[in-house]
Amino acid sequence: MPSSTVENYLKAILHLQGEGRGSTTVGEIARELEVTPGTVTIMMRHLKERGLVAYEPRRGLSLKPRGVVEAMKVVRRHRLIELFLVEAMGLDWSEVHEEAEILEHVISDRLLDRIDEMLGNPTHDPHGDPIPDRRGIVAKDRAVPLGEADAGRYRVVRVSDGDSALLGWLNEKGLRIGEEIDLSHPDRAAGVLEVSRSGGKRLRLGAEAAGQVFVEAMG
Ligand SMILES: [Zn+2]
């Protein structure tokens, strides 16, 4: 099995088990990677043999510590490459995820270290996602989706990196990681959220977009 396929499975399991209960299922992985459950089952036996996942048929499955370390290495490569493409190559944040999906499997450790050094050992990628350190340790934030936030003042801390159309639109609107926004009277029933930005600017977001912008309440 090509290592890029294994890496994509490890990354998908890390992502899925991170949301909630610490484990995931064959069905969830199949949906995430758009493959059949049978294909996932075969891969899980392979990853179990390699000591990367804990998996019993019909029970939840999760990464073993070695699997977490391997998955975090891929995430580190992905996020450093994204930042490199923005900072050094001048791409915008809507253009880098797809490129990083490819390059994360082929870049050497030596080149990655050089990029890390050149960028000043950065802690976050262009979308605000934390970059795992060399040991695979990643900083956690207390961000919530804007769509679930109560009225108040917030800082934008990250935006989902997978939806390039949304990222392109937010880029056009000039939204930035670290920007401070005000959310007054969130009316979720209407399906549209309006936030105030500095300089009296306003931004209206649909429910789906508001679910992909993550904010932290300001002190
Ligand atoms: Zn990405």
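The rules we used
- Residues numbered from 1 in each chain as written.
- Predicted model: local features only at pLDDT ≥ 70, side-chain atom pairs only at ≥ 80, totals over all residues.
- Heavy atoms only, no water.
- Domains from an automatic or database assignment.
- Donors = N, O, S within 2.8 Å, 3.2 Å for Na, K, Ca; no water.
- Tetrahedral: all angles 85-135°; square planar, octahedral: opposite > 155°, others 65-115°.
- Helix = DSSP H or I, 4+ residues; strand = E, 2+ residues; numbered from the N terminus.
- Buried < 20%, exposed > 50% of the residue type's maximum accessible area, 1.4 Å probe, protein only.
- Arc of directions from axis to C-beta.
- Contact = heavy atoms within 4.5 Å.
- 1 Å grid on protein atoms, 1.4 Å probe; cavity = no way out; pocket = protein on both sides within 12 Å on 5 of 7 lines; lining within 4 Å.
- Points joined across faces, edges and corners; volume = space filled by probe spheres on them.
- Nonpolar A, V, L, I, M, F, W, Y, C, P; charged D, E, K, R; others polar.
- Pairing = 2+ DSSP bridges.
- Core = buried A, V, L, I, M, F, W, Y, C linked by side-chain atoms within 4.5 Å.
- Lys, Arg positive; Asp, Glu negative; His and termini not counted.
- Salt bridge = Lys/Arg side-chain N within 4 Å of Asp/Glu carboxyl O.

A. Quick peek at the domain arrangement of the protein chain. Each assigned domain of the protein chain is listed here: domain 1 (3–63), domain 2 (75–140) and domain 3 (144–217). Look at where the C-alpha atoms of domain 1 and domain 3 centre, and you get two points 32 Å apart.

B. Molecular detail of the coordination of the zinc ion. The coordination sphere of the zinc ion contains the protein donors His78 (NE2), Glu82 (OE), His97 (ND1) and Asp161 (OD), at a distance range of 1.9 to 2.2 Å. Around the zinc ion, the four donor atoms are arranged such that angles at the metal cover 95 to 128 degrees; this shape is classified as tetrahedral. Taken in chain order, the donor set of the zinc ion reads H-x3-E-x14-H-x63-D. You can see His97 sitting in helix H5 (residues 96–103) and its partner Asp161 sitting in the loop between strand S4 (152–159) and helix H7 (164–172), a full 64 residues away along the chain. Take His97: its relative accessible area is 14%, and that puts it in the buried class.

C. Quick peek at helix H6 (residues 109–118). Buried within H6 we find Leu112, Ile115 and Asp116. Down the axis of H6, the buried set is contained in an arc of 100 degrees. They therefore lie on one face. Exposed side chains of H6 directed beyond 90 degrees from the buried face belong to Arg110, Glu117 and Met118. In this structure, the buried side of H6 is in contact with helix H4 (65–87). Immediately beyond the C-terminal end of H6, within one or two residues, lies Gly120, with a positive phi of roughly 80 degrees.

D. Examining the layout of surface pockets more closely. Roughly 200 Å³ of volume is contained in the second largest pocket. Considering the residues around the second largest pocket, the lining is formed by Met72, Lys73, Arg76, Arg77, Asp109, Leu112, Asp113, Asp133, Arg134 and Gly136. Those elements that provide at least two residues to the lining of the second largest pocket are H4 and H6. Classifying every residue of the lining of the second largest pocket gives two nonpolar, one polar and seven charged.

E. Molecular detail of the pairing of strand S7 (residues 202–206). Residues Leu203 and Leu205 point to one face of S7 and are all buried, whereas Arg202, Arg204 and Gly206, pointing to the other face, are not buried. Bridge count for strand S6 (residues 192–196) against S7 is five bridges, and the pairing is antiparallel. Its bridge partner being in S7, Val192 is matched across the sheet by Gly206. In this structure, the hairpin formed by S6 and S7 is closed by a connection of five residues, where Gly199 is found at a positive phi of approximately 80 degrees.

F. Spatial organisation of the nonpolar core. Core analysis: the biggest nonpolar cluster contains 21 residues, and Ile13, Ile29, Met44 and Leu47 have the highest contact counts within it. Broken down by secondary-structure element, the contributors of at least two residues to this core are helix H1 (3–18), helix H2 (26–33), helix H3 (37–49), strand S1 (53–55), strand S2 (61–63) and H4. The greatest single-element share of this core, amounting to six residues, is contributed by H1. With sequence-adjacent residues up to four places away left out, Leu47 is seen in contact with Val6, Tyr9, Leu10, Ile13, Leu52 and Val53. Ranked by size, the runner-up nonpolar core spans 20 residues in total, among them Leu166, Ile181, Leu193 and Val215.

G. Up close: the side chain of Asp129. When you line up the elements, Asp129 lands in the loop between H6 and strand S3 (144–145). Within the buried set, Asp129 has no salt-bridge partner at all; the shortest N-O distance to an opposite charge, 4.2 Å, is to Arg79. Among all residues touching Asp129, those that are not within four sequence positions of it are Arg79, Thr123, His124, Arg158, Val159 and Asp161.

H. Quick look at the side chain of Ser196. Its place among the elements puts Ser196 in strand S6. Residue classification places Ser196 among the buried residues on the basis of a relative accessible area of 19%. Aside from chain neighbours lying at most four places away, what touches Ser196 is Ile181, Asp182, Lys201 and Arg202.

I. Expanded view of H5. Turning to H5, its buried residues number three or more, namely Val96, His97 and Ala100. Buried residues of H5 fall within an arc of 95 degrees about the axis and therefore sit on the same side. Opposite the buried face of H5, by more than 90 degrees, sit the exposed residues Glu98 and Ile102. Looking at the buried side of H5, the elements it contacts are H4.

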